[in-house]
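Topology and contacts: notes
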Amino acid sequence: MVGPDVSVTWVDAAWITNKRQAPVGALQAVKPKRALMATAVLPAAALPAATAPAPAPTPPGRASLRDVPQLHAALLKSGELAASPKSFHSLLEAAAAAASSSPANLSYAVRLFRLGPRPPLSAPSYNILMRAFLRAGRPEDALHLFVEMLDVAAACPDQHTVACALKTCSRMCNLDVARGVQAYAVKHGFLADRFVLSSLIHMYASCGDVAAARLLFDSVEDKGVVTWNAIIAGYFKNGDWKEVVEMFKAMLESGAPFDEVTLVSVATACGRIGNAELGKWIGGYVEEKGMAASRNLMTALVDMYAKCGEIGKARRLFDRMQSRDVIAWSAMISGYTQADQCQEALALFSEMQVAEVEPNDVTMVSVLSACAVLSALETGKWVHSYIRRKRLPLTVVLGTALVDFYAKCGCIDSAVEAFEAMPVKNSWTWTALIKGMASNGRGKEALELFSSMCEANIEPTDVTFIGVLLACSHNCLVEEGRQYFDSMTLDYGIKPRIEHYGCMVDLLGRAGLVDEAYQFIITMPIEPNTVIWRTLLSSCTVHKNVEIGEEALKQIARLDCSHSGDYILMSNIYASVGRWKDAAMIRKEMKDRGIEKIPGCSLIELDGVVFEFFAEDSDHPQLREIYKKVDEMIDKIKQAGYVPNTADARLDVDECEKEVSVSHHSEKLAIAFGLLKSHPGATIRLSKNLRVCSDCHSATKVISKVYNREIVVRDRNRFHHFKDGFCSCNDCW
């Protein structure tokens, strides 16, 4: 007899040793295996709501699940437990329902099922325990129960058993065993049952055979909402978002009913393909039908609006939600990150902590991405510490996000540590570290890592080769770059994209081979875009090549004449060779066309807070203190040999004011603030929205030596690690 103080935590040892294999048909000798599935970064809102099991009949006098042992004792005392199958099933259902909260409760249900006293076991008894194993994430044990039933004459599987067995196979992604279950269903006529057929459709789709699932679906004449949801869920699981939307449109055309589960899947698919029109229709339908109380549905709509660029609408819906779980918070944080509103993402993450909602690995991926964009190192470190403290599973996606975060904060050694700590890596993980090493001036190490990747039989992608070519470009490894560019096609069959051609133009331009870079562009097999010409123009600025610079600007103006940076670069080329009138003419042309210069902006994080500075900033609350520090800093580095490069000053200021103008660039203000607010010897880290100008680059090298500080600057193109008067880019940027 099972007492109220059950301490068993697993199935009875006798049962384990007596499990039977299937004796008949396709099930014979087939051993279920748990398939290893690749983890994908999808907002949890993307998952359709699980269908809740039918509520168990409530035995008389039952108050709550915690009263199951007392109810058990009462039924034993009355003798009703062994005499009444209905009472036994109700008690077993109650014990199984409690199993989701504790393994001990599942053990209680198993011992109740195995040891009794109880009436003879029947299909409903097995069905209850199979569902409990499924809910507990133990599909193999659920399948063993089905196999056992084949040997129990009094407990033949019914349609509910078969449907549950098919769901078990879906969870395990075991198509071989599922076909055996299907053969049993055909033999006993269970395919006439709508739920069995829907489970079969869902099983094939979950196991990746969407064609078989669709064939079964098309063979059904009277399709109910469960059947439609099964095929939609199949396309959903396989990431075929367009087909999810098309199936829903077919539902509407046929007049088929749909429910909340349908709308969750379709709203998520709309977000993935940017179908704002249908997404808004679903949003309107939800409002009209009063379905806004559904947390799953509202979360899916928040995710959809955010991915369709309606971030304000997404936030308003999020704020209206009556209850918000980790899935809803993660969807909104992810929306901000993907909309490049990273400060808002971190602010919302702070609100999530105040609300005492525990983040999960999906949340952390979005937060780390936001930290990477903002170079918010301290916040990202806290996230990493939280992951360790809470022992969150280090999935491929989460581990890759950590590698990417550290690399984009200039902490390449920490990125390597995160990489080595990952139990499983994929091509994106290797690529993240290769690109991180490349942008941090460790090109040779990046190429060595690429060789290790190939030796580990990890197939490189087209994005991997972008990282490899960047490594060659940032380290002026011209011959190596040419070899990798050719190898990409010859050895791996990867057709170069515009990004790869851009890397080659950048490589040649940085190495001073501007004429060769120009010839490379005009012989490209695809039409060069503005990025290609802009890369060439940037090289002309460094190497003072007026003629090719003018041609590059001409081509850019033909394609896109609204970018201020192009005119600034050409103006700087003219200024660098003393053609001041031409430089002024370019600035006048900008003004006449109404093109405004993008202001330089630098971000610096101190004590977990991100501070923002603009060139010649006049809004910071500590402005006077900062400018005083700037003046002191400039005086000190002048004594150490720094000479201001007034060619980088604004052209609309007098000659006598140009030196002051360059001293007030955003990165100098941020560095001065860092010197004021950080401890002596602490590393100063900042990021800038534009390419670092030559004056700031020269000044920062001297600052690092005079103040004995390491200064890490991430500009639009790469990282600069300044230390002891030198930069990791070797003045090639």
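In case you missed it, the structure is sitting above this.
Note that this is a predicted model, so its numbers are computed, not measured.

What to know about the nonpolar core
- By size, the foremost hydrophobic cluster in this structure holds 194 residues, and its most contacted members are Ile282, Leu301, Leu433 and Leu536.
- Other than its neighbours up to four places away in sequence, isoleucine 282 contacts Leu263, Val266, Ala267, Cys270 and Leu301.
- Ile626, Leu686, Val713 and Phe722 belong to the second largest nonpolar core, which has 30 residues in total.

Concerning the pairing of strand β4 (residues 711-714)
- Residues Ile711 and Val713 line one face of β4 and the alternating positions Val712 and Arg714 line the opposite face, and both faces are buried.
- Where strand β3 (residues 684-688) meets β4, four bridges bridge the pair, whose relative direction is parallel. By the bridge assignment, arginine 685 is partnered in β4 with valine 712.
- Taken together, β3, helix α37 (residues 694-706) and β4 constitute a β-α-β crossover, and its handedness is right-handed.
- In terms of strand pairing, β4 meets strand β5 (residues 719-723) through four bridges, oriented antiparallel. By the bridge assignment for β5, arginine 714 is matched with phenylalanine 719.
- A loop of four residues connects β4 with β5, the two strands running antiparallel in sequence.

Description of the pattern of salt bridges
- One pass over the structure, following the stated rule, counts 31 salt bridges.
- Note that arginine 315 is salt-bridged to aspartate 319, the shortest N-O span being 3.0 Å. With a gap of four residues between them, arginine 315 and aspartate 319 both fall in helix α17 (residues 311-320), about one helical turn apart.
- A network of salt bridges, in which partner residues are shared, links Arg315, Asp319, Arg324 and Glu351.

Some details on the environment of aspartate 158
- Looking at where aspartate 158 falls in the secondary structure, it is placed in the loop between α7 (139-149) and α8 (159-172).
- The buried category is assigned to aspartate 158, whose relative accessible area is 18%.
- Along the sequence, aspartate 158 and phenylalanine 190 sit 32 residues apart, while their C-alpha atoms lie 7.9 Å from each other.
- When residues no more than four places from it in sequence are discounted, the contact partners of aspartate 158 are Ala123, Asn127 and Phe190.
- A polar side-chain atom of aspartate 158 sits 3.1 Å from the main-chain amide nitrogen of histidine 160.

Let's talk about the environment of valine 220
- Relative to the helices and strands, valine 220 is located in the loop between α11 (210-219) and α12 (225-237).
- C-alpha of valine 220 to C-alpha of alanine 192: the two residues are 28 residues apart in sequence and 9.8 Å apart in space.
- Not counting chain neighbours up to four residues away, the residues in contact with valine 220 comprise Leu197 and Thr227.

Structural notes on the packing of aromatic side chains
- Considering all chains together, one arrives at 22 aromatic pairs under this definition.
- Taken together, a centroid distance of 5.1 Å and an interplanar angle of 80° make the contact between phenylalanine 318 and tryptophan 329 edge-to-face. Highlighted residues: phenylalanine 318 in helix α17 and tryptophan 329 in helix α18 (residues 326-338), separated in sequence by eleven residues.
- Judged by its relative accessible area of 0%, phenylalanine 318 falls in the buried class.
- By relative accessible area, tryptophan 329 is classed as buried at 3%.
- Summarising the aromatic geometry, the rings of phenylalanine 450 and phenylalanine 465 are spaced 5.4 Å apart at their centres and angled 65° between planes, so their arrangement reads as edge-to-face. Remark: phenylalanine 465 occurs in helix α26 (residues 462-474) and phenylalanine 450 occurs in helix α25 (residues 443-455); sequence separation between them is 15 residues.
- The exposure class assigned to phenylalanine 465 is buried, which follows from its relative accessible area of 0%.
- Members of the aromatic cluster, each reached through a chain of ring pairs, are Phe248, Phe258, Trp281 and Tyr285.
- In this structure, lysine 223 packs its charged tip against the face of phenylalanine 217, placed 5.0 Å from the ring centre.

Quick word on the packing of helix α24 (residues 427-439) against α25
- Remark: α24 packs on α25, axes separated minimally by 7 Å, with the N-to-C direction vectors making an angle of 165°. Regarding the angle of α24 to α25, the classification is roughly antiparallel. Between α24 and α25 lies a crossing of left-handed hand. The segment α24 lies against α25, with Ser427, Trp430, Leu433, Ile434, Met437 and Ala438 engaging Gly443, Glu445, Ala446, Leu449, Phe450, Ser452 and Met453.
- The class makeup of the residues in the contact of α24 with α25 is nine nonpolar, three polar and one charged.

Here is what the cut-offs are and how they apply
- Residues numbered from 1 in each chain as written.
- Predicted model: local features only at pLDDT ≥ 70, side-chain atom pairs only at ≥ 80, totals over all residues.
- Heavy atoms only, no water.
- Core = buried A, V, L, I, M, F, W, Y, C linked by side-chain atoms within 4.5 Å.
- Buried < 20%, exposed > 50% of the residue type's maximum accessible area, 1.4 Å probe, protein only.
- Contact = heavy atoms within 4.5 Å.
- Helix = DSSP H or I, 4+ residues; strand = E, 2+ residues; numbered from the N terminus.
- Pairing = 2+ DSSP bridges.
- Right-handed = clockwise from strand over helix to strand, strands pointing away.
- Salt bridge = Lys/Arg side-chain N within 4 Å of Asp/Glu carboxyl O.
- Polar contact = N/O pair within 3.5 Å; in protein donor to acceptor, adjacent residues only side chain to side chain.
- Phe/Tyr/Trp six-rings, centres within 6.5 Å; stacked < 30°, edge-to-face > 60°.
- Lys NZ or Arg CZ within 6 Å of the ring centre and 35° of its normal.
- Axes fitted to C-alpha atoms, helices over the stretch in contact; angles between N-to-C directions.
- Parallel < 35°, antiparallel > 145°, perpendicular 65-115°, else oblique.
- Left-handed = near helix turned anticlockwise from the far one by under 90°.
- Nonpolar A, V, L, I, M, F, W, Y, C, P; charged D, E, K, R; others polar.

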